[in-house]
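Residue-level structure breakdown
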Amino acid sequence: QVFNFNTFILFNLSLARACYALDKEIYLLDDPISAVDSHVAKNIFNNCINGLLANKTRILCTHHFKYLASADLVLVVDNGQIVQYGRGGDIIPNYM
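Residues numbered from 1 in each chain as written. Predicted model: local features only at pLDDT ≥ 70, side-chain atom pairs only at ≥ 80, totals over all residues. Heavy atoms only, no water.

With respect to the helices, strands and loops of the structure, K56 is situated in the loop between α2 (38-52) and β2 (57-61). At 3.4 Å, the side chain of K56 forms a polar contact with the side chain of E25. When residues no more than four places from it in sequence are discounted, the contact partners of K56 are L22, K24, E25 and Y27. (Helix = DSSP H or I, 4+ residues; strand = E, 2+ residues; numbered from the N terminus. Polar contact = N/O pair within 3.5 Å; in protein donor to acceptor, adjacent residues only side chain to side chain. Contact = heavy atoms within 4.5 Å.)

Laid out in structure tokens, this is it:
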């Protein structure tokens, strides 16, 4: 039997595997909340990124500002250059 998974499903499987394995110290998350609705995004952020992975180093690449408020460090990148950096609560008001 052949299964044809789309990219979204494969990404979710990878995220779930990472959350439940917990065998790494650093997790690079490339916008895991971009292709889901707001309810699912909130659950992913609260239960996975800030839940199961809470004691790990997490690098989250995203364009969703509301999820950056609690970040220790935010890097704003424009055309491949870091144009600003600081705590999430300090950076976000500059872009709202």
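Further notes follow.
What follows concerns the layout of surface pockets. Space inside the largest pocket adds up to approximately 710 Å³. In terms of lining residues, the largest pocket is bounded by 24 residues, among which L60, L68, A71, L73 and V74 are the most central. Among the elements of the structure, α2, β2 and β3 (74-78) are those that each provide at least two residues to the lining of the largest pocket. (1 Å grid on protein atoms, 1.4 Å probe; cavity = no way out; pocket = protein on both sides within 12 Å on 5 of 7 lines; lining within 4 Å. Points joined across faces, edges and corners; volume = space filled by probe spheres on them.)

Another aspect to go through is the pairing of strand β1 (residues 26-30). Residue alternation in β1 divides its side chains into a buried set, Y27 and L29, and an unburied set, I26, L28 and D30. In this region the chain leaves β1, passes through α2 and returns to the parallel neighbour β2; the handedness of that crossover is right-handed. (Buried < 20%, exposed > 50% of the residue type's maximum accessible area, 1.4 Å probe, protein only. Right-handed = clockwise from strand over helix to strand, strands pointing away.)

With respect to the helices and strands, N55 occurs in the loop between α2 and β2. Considered as a pair, N55 and L22 are 33 residues apart in the sequence and their alpha carbons are 9.6 Å apart.

This part covers the nonpolar core. Counting 14 residues, the largest nonpolar core has L15, I44 and L53 as the members making the most contacts within it. Put simply, the parts of the chain that give this core at least two residues each are α1 (7-21), β1 and α2. In terms of residues, this core owes the most to one element, α2, which gives five residues. Once you skip the residues sitting within four places of it in the chain, L15 turns out to touch L29, P32, I44 and C48. Core analysis: the second largest hydrophobic core is formed by six residues, A71, V74, I91 and I92 among them. (Core = buried A, V, L, I, M, F, W, Y, C linked by side-chain atoms within 4.5 Å.)

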